Every structure is written in C-alpha cells, then in structure tokens.
Amino acid sequence: MKWNAERRGVALALVVLVAAGTYLRFHGLGRPSLWVDEVNHVLAARDLVVGRSPVFPSGEPNDRAILYSKLVALSFRLFGEGEGPARVPSAVFGVLAIPLTYLVGSLFGSRRIALLAAFLVTFSHFEIGWSRLCRMYTVFQVAFLLAVWAFLPLFWEVVRIDRRSIPKGVRAARVAVGLVALALGTAVHILTTEIVAILYVYLLVLVGLESLQNRRVKLALWQAAVLVGGIVGLVVGVLVPPARERLLWVLQYKPAWAGWGMAVDSHYYFWFLSESKRWPLLSFFLIGILSVVARNDRKGWFWVVAFLLPVGLHTFLFSYRLSNYIFHVFPFFLMGAATGFVRVAEWLAAEMAQSSWRHLRRASLERLALILTIGWLPLTVWFRYGIKVSQIGEAGDNGAEGHNNWKGATRFVQQHLRQGDRIMSTLPLTVQYYLGRCEYNLNLANARGDLEWTDTSRVGKIDFYSGAANVGSLGQLCAVLDSLPGHLWVIVDRYRFSKAGYVPPDIASFVRQNFRSAWQDPYETVDVYCWPPEDCGNSSTALSTLRDPKATPWGEKAAVVSPGRPSGAPARGEMAWDPRNGTGVLP
C-alpha cells in the first residue's frame, strides 16, 4: 500500500511538472522573431506543404534534418504558417523530455533523484529555450534518452550489474524501441552515434573498476572482443588513408562563422556550465560525481560518462564547440546535479538525526532535509531565468539563443518602401521571409566556398541561402549606390555587422558614417540604414512600428518567397550583374 501511495505521489508530481513545462514551452511561442537557423526549416516546410522538394531561394538543396522539416510541415497543415506553428514540434518534444528524464533517471535506482532531475529539466532555461526554437535538438534529445532507456537495462543484464532477468517479451520490446529511437535520432543529427562511444567507454570504466576490485584483469570473451574491436577501429581510422582523411576532415572542420568568438575557445564548456545563470547546478553535479566515486556506483557511472565524454570530445578533439552539441546529453548533467542535491539532503538528515531534531521520525527528517536542500532554488537566477523565458518579446535571449528583432525592422522598412527601392542585409534569407525580397547580401560567411554548393561557379557571387547578390567590397557597394533607381535599405543585425568575418570593416564604417540611421531597435539587436540619407523615413516612428497591433503571440504569416528564384536573385548560370535591378552577380 505504501508503494502504491508513493507511486501515486510520483505520478501526481509528474503531471504537475508536465503542466508547468507545457506552459513554459508554449506560452508566447510565436512572439519572438525567427532566429537565423529557424528560417531554413520554415522554408523547407513551406515547400513540403505544397508538394515541392525543399530548396533554398538560391536553388541550393534545403534538406538537412528533413524529418524535422516534415514535422514542421505537419504543424503548418494543422495550425497554419507562422513562428508559433513552426516551433510546435520542438515544444512538443521538449515537454516529452520531462517524463522521459524521469524514466531514465529511475533506472539508476532512486525515484527521488529521477523526480528531481525531471524538475530540473522542466525549469531549465537551456531546455526551455531549445524547446522554443524551430530546430531539431529536442527531437534529438528525446530520441537519445529513449535509446538509453531501451538499451541500458539490456546492457546491465549482459554485464551482470542487474541480476534480475528481463523477460523475453520485454527484451524484444526494448530492442524495438531502441532501434526506432536510434533511427529517429540519426535522421535528425549525426551525433546520435555518440551513444556507441559512450557505451564503449562505460564498458572500459566497468572493466577497470572490476579489475581494481579484484586486483587483476578478468574479461569475458565478448568483453575482450568489443574492446579489441574498438581499438582496431581506432587504428584503422588513424592509419588507413581514406578513413584518416575523413576523420581529419570531421575533426578539423570549422564553418566560417565559428572562426571567431567563444566557439573556438577550448574553455567554452567550462564557461557555459559555470556561468552565473546556471549556478548552482555545476556544484551539485560535481557532488553527484563524488558520490558515484565514493559508493562505486556502477550504474551511476553511466550518467557520468554519458555527459562528460561528449563534453571531452568536443573540447579536445573537435575544432569548434557549441552548447547545442551537448544538448542531447544535458539531462544527464541534470541527473548528476539531482544526485548531488539528494546526497547533500541525506547527509543533512543524518546530521539532524544526531541533534535536537532527532525527536522527528526518520521519514519526516528526510523530507525536511530535502526541502532545506532544494527549497531555495526558486530564488536563484537559474530558476527565475527559466520562468521569464516565455515572456520575452520580439527579441531577446530565450535561454538557448538570442532572437533579433527582424519583425520590427522589416515592418518599418515595409512601411517606407517605394518603387525602385532595393534591400540589403546581413541575413538576406530572414529578410526575404518577412518582406518577400532582399536583393543584396552583406554576409561574407554566406558566400564562402566551404558551404555545400552544387554549382561552385557561384561561390562568392551570391548568398548560398537567399540567392541575393553578394556585396563583398566597398567598391561593389559603391557600384550599387551609383546605379540605384530609388533608395537602398540596409537591415543589419548588430552582431554580424560588427564582425569582420561577416562584414568587411570598411563597408561597416562607410555605412555608419554616410548612411542615415533610419530605425534603431529598442532591443538593440537590429539597425536599419538608408541611402541616400534624405527622405528615408522618420526615425521617430520606430517605437510606434515596433509592435504590430494585429500580431499575436502565435506569430505572423510572412511574405511568400518563390522557391529557387526570389526577387532579384540570379538563376543558375546567370553570371552578368546589373546594379540597376539587383539581378545577377557583382563583378
């Protein structure tokens, strides 16, 4: 009866957490402007809805994580097109991660730790933020967690950590679920394969621990075969030329935008995990690891390896690193923090049992100790940040990435556009989505040769994504200005406009000094400049055009961009450039 009461309490707590997580992930979902990478899936879904193969307006294929784009297309069919519907798949899978974290956490033997881990997932601004972006990472995370839930008990049975025998029917069901999860994960992200490396290193840890305990190395035949197979695979990857070249390409690959900033800092993940808005999770995660070591918790070693191995690989082997590349294993970090909280609560309860609190029953002491250990979390920046994520406006940090106010900027330009005007931007594809056109690209990173061009003759001449003519030098900008039939509206996000890897400094300086600042974003994310500076609209209208009275938190349907040939974009093979109408390619 006691077990049933505990089970009902856990179920009720999970219902409350799922309800809270649903609100935090869906409330105001369509309010922020589209983040840069969201536009890719939105345009792919738009093509899929009408039965076309996904292509960028430039004509280049737009088929990355196509399964996720199909989920976005399904959402468009159900709810219509807009920022909110585009983010629904991520939000749904973000909510699913809450009970799934509990299920995976409960495998390690403590419902209390599992429930606390689910609580941390519910209110983590990092989890909430990716659940509110039209990207595949929550799908990837759920697939990874589901694969772990399915395969880990089978692994423990094989290595005899868990002496209980799993019934054949349950074993078959777990294998089937695990395979489906792996297929789902692989369909949206290649890092799904990390689960193989995690299980391999986890096996090494278990063998090492057992050898230390027995003071000799003793391997089962299958264990020796797996370990030797891994070593052979590594040797082949290092020594065989084709495999070595591929391995080196994977390890050394670095996109243009990753050449500056924190992405190339080897301390990136330490900074990410230890920054104030994630305090005190790292501290309790370390306590959780210490408890695993002290108890020689062979099951607990899995979540230690599952989180630290990907962090280590991206820190020491790969050329650049991002927070989203560890998002799929972030619940294991939270499981570690939950373990730390519970271990501190257990220590506190033991101390209280030897003090004037000893008149209380043990169960009451344990509850009081847990409340004292975690009860102050709502006062932390970490918790309050998560609560406020759903309240951001058209721009702001959503806990995972920063939104720029493209809605406000493009609304202002749309209200002042006249016949003959042209548009230039640091993110032409986003501007095309909201305005239906953008003739010129100011983003050098979008015209580089390391992108996956199908027609390399267009490298450096057009934007890979939007097809807008590339403006890569001050001379090319002046050529545009000399042949304008109307005004030139330059819509730039402040981050890219200030980085030489995106916009040449002489161009940025020329625009700031000679163009009129027509609109400045109150969120301080996007600026609009105009040439010639006379009669470019009144900057005093900026605040009045910031918010569209017809807009809703669900989002606005944007302008339609014709697939493969946007306004002003050159067709394949069209190399001549006419600055008067913005078509073709700059000389």
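Residues numbered from 1 in each chain as written. Predicted model: local features only at pLDDT ≥ 70, side-chain atom pairs only at ≥ 80, totals over all residues. Heavy atoms only, no water.

*Asks:* What am I meant to see in the sheet that holds strand β5 (residues 469–470) here?
*Replies:* Two pairing modes exist for strands in a sheet, parallel and antiparallel, and in both the strands are linked by backbone hydrogen bonds. Strand order in the open sheet formed by six strands is β5-β4-β3-β6-β8-β7, and the pairing between neighbours is mixed. Looking at strand neighbours, the two that pair on one side only are β5 and β7 (516–520), the edges of this open sheet. Of the strand pairs in this sheet, strand β4 (residues 440–441) and β5 are connected by two bridges, and their pairing is parallel. Residue Tyr-440 lies in a different strand from β5, and its bridge partner there is Ala-469. Contacts between helix α18 (residues 406–416) and the sheet are confined to β3 (422–425), β6 (488–493), β7 and β8 (526–531), with β6 contributing the most and set at about 175° to the helix. Sheet strands touched by helix α19 (residues 428–435): β3, β4 and β6. Its angle to β3, the strand with the most contacts, is close to 135°. (Pairing = 2+ DSSP bridges. Helix = DSSP H or I, 4+ residues; strand = E, 2+ residues; numbered from the N terminus. Contact = heavy atoms within 4.5 Å. Axes fitted to C-alpha atoms, helices over the stretch in contact; angles between N-to-C directions.)

*Asks:* Help me understand a nonpolar patch on the surface in this model?
*Replies:* A cluster of nonpolar residues, Ile-231, Leu-234, Val-235, Val-238, Leu-239 and Leu-247, forms a patch on the protein surface that exposes about 540 Å² of accessible area. Here the nonpolar patch gets five residues from one element, more than from any other, and that element is helix α10 (residues 221–239). In this fold, Leu-247 is placed in helix α11 (residues 241–252). (Patch = residues over 30% accessible without salt bridge, like charges linked within 9 Å, V, L, I, M, F, W, Y side chains within 5 Å. Areas by Shrake-Rupley, 256 points an atom, 1.4 Å probe, with all protein chains shown as cover. Salt bridge = Lys/Arg side-chain N within 4 Å of Asp/Glu carboxyl O.)

*Asks:* Quick question: what am I supposed to make of the packing of aromatic side chains here?
*Replies:* For any two aromatic rings, the description comes down to two numbers: the centre-to-centre distance and the angle of the planes. Taken as a whole and judged by the stated rule, the model has 39 aromatic pairs. With centroids separated by 5.8 Å and ring planes inclined at 75°, the aromatic side chains of Phe-108 and Trp-156 adopt a geometry described as edge-to-face. In this pair, Phe-108 is assigned in the loop between α4 (83–106) and α5 (111–123) and Trp-156 in helix α7 (residues 137–158), connecting sequence segments 48 residues apart. Neither Phe-108 nor Trp-156 differs from the other in exposure class; each is buried. Looking at Arg-278, its charged tip hangs above the ring of Phe-126, at a distance of 5.8 Å from the centre. Over the face of the ring belonging to Tyr-502 we find Arg-496, whose NZ or CZ atom lies 5.4 Å from the ring centre. (Phe/Tyr/Trp six-rings, centres within 6.5 Å; stacked < 30°, edge-to-face > 60°. Buried < 20%, exposed > 50% of the residue type's maximum accessible area, 1.4 Å probe, protein only. Lys NZ or Arg CZ within 6 Å of the ring centre and 35° of its normal.)

*Asks:* Just to check I follow, could you spell out the packing of helix α13 (residues 281–295) against helix α14 (residues 300–316) for this structure?
*Replies:* Helix packing geometry: the angle between the two helix axes and the distance between the axes. Between α13 and α14, the shortest axis-to-axis distance is 9 Å and the interhelical angle comes to 135°. Relative to α14, the element α13 lies oblique. The hand of the α13/α14 crossing is left-handed. Each of Phe-285, Gly-288, Ile-289, Val-292 and Val-293 in α13 lies in contact with α14, whose residues at this interface are Gly-300, Trp-301, Trp-303, Val-304, Phe-307 and Leu-308. Considering only residue class, the contact of α13 with α14 consists of nine nonpolar, two polar and no charged. (Parallel < 35°, antiparallel > 145°, perpendicular 65-115°, else oblique. Left-handed = near helix turned anticlockwise from the far one by under 90°. Nonpolar A, V, L, I, M, F, W, Y, C, P; charged D, E, K, R; others polar.)

*Asks:* Teacher, can you tell me more about the pairing of β7 here?
*Replies:* Each regular strand carries side chains that alternate between the two faces of the sheet. Strand direction decides the pairing type here: β7 and β8, joined by four bridges, are antiparallel. In the sheet register, Arg-516 faces β8, and the bridge partner there is Cys-530.

*Asks:* Would you mind showing me how to read the packing of helix α20 (residues 474–482) against helix α22 (residues 505–514) here?
*Replies:* Between α20 and α22, the shortest axis-to-axis distance is 9 Å and the interhelical angle comes to 40°. Classed by the angle they form, the pair α20 and α22 counts as oblique. Every residue of α22 that contacts α20 at Leu-474, Leu-477 and Leu-481 is listed here: Asp-506, Ile-507, Phe-510 and Val-511. In terms of residue class, the contact of α20 with α22 is made up of six nonpolar, no polar and one charged.

*Asks:* Looking at this structure, how should I read the layout of surface pockets?
*Replies:* In this approach, a probe sized like a water molecule rolls over the atoms, and the result shows the empty space that is left. Taken as a whole, the second largest pocket encloses approximately 860 Å³ of empty space. Residue lining of the second largest pocket: 24 residues in total, with Glu-6, Arg-111, Arg-112, Arg-367 and Leu-370 positioned closest to the centre. Only α1 (2–26), α5, α15 (330–353) and α16 (362–374) provide two or more residues apiece to the lining of the second largest pocket. Of all the elements, α1 adds the most residues to the lining of the second largest pocket, at seven residues. Across the lining of the second largest pocket, the residue classes tally to 14 nonpolar, two polar and eight charged. (1 Å grid on protein atoms, 1.4 Å probe; cavity = no way out; pocket = protein on both sides within 12 Å on 5 of 7 lines; lining within 4 Å. Points joined across faces, edges and corners; volume = space filled by probe spheres on them.)

*Asks:* Looking at this structure, I do not really get the pattern of salt bridges. What am I missing?
*Replies:* Should the charged atoms of two oppositely charged side chains come close, the side chains can pair. Counted according to the given criterion, the structure contains 17 salt bridges. One salt bridge connects Arg-458 with Glu-60, and the closest N-O pair in it is separated by 2.9 Å. Residue Arg-458 is located in the loop between β4 and β5, and its partner Glu-60 is located in the loop between α2 (38–49) and α3 (66–79); the two are separated by 398 residues in the primary sequence. Accessibility assignment for this pair places Arg-458 and Glu-60 in one class, buried. Between Arg-295 and Glu-346 there is a salt bridge, and its shortest N-O distance comes to 3.0 Å. Here Arg-295, found in helix α13, pairs with Glu-346, found in helix α15; they are 51 residues apart in sequence, far enough to count as distant. Judged by relative accessible area, which is 35%, Glu-346 ranks as partly exposed. In the salt-bridge network here, residues are joined through shared partners; they are Arg-295, Arg-343 and Glu-346.

*Asks:* Looking at this structure, how should I read α15?
*Replies:* At 3.6 residues per turn, the α-helix brings residues three or four places apart onto the same side. Helix length check: α15 (24 residues) gives 35 Å between terminal C-alpha atoms against 34 Å at 1.5 Å per residue, within 8%. Across the 24 residues that make up α15, a large majority, 17, are buried. (Expected span 1.5 Å × (residues − 1).)

*Asks:* Honestly, unusual backbone geometry in this entry has me stumped. Any pointers?
*Replies:* Trans is the common state for peptide bonds, and a negative phi is the common state for residues other than glycine. Here the bond from Trp-279 into Pro-280 is cis, since omega is 10°, no more than 30 degrees from zero. Across the junction of Trp-531 and Pro-532, the peptide omega takes the value -10°, indicating a cis bond. Looking at the secondary structure, you find Pro-532 in the segment after β8. The phi torsion at Glu-524 lies on the positive side, around 60°, for a residue other than glycine.

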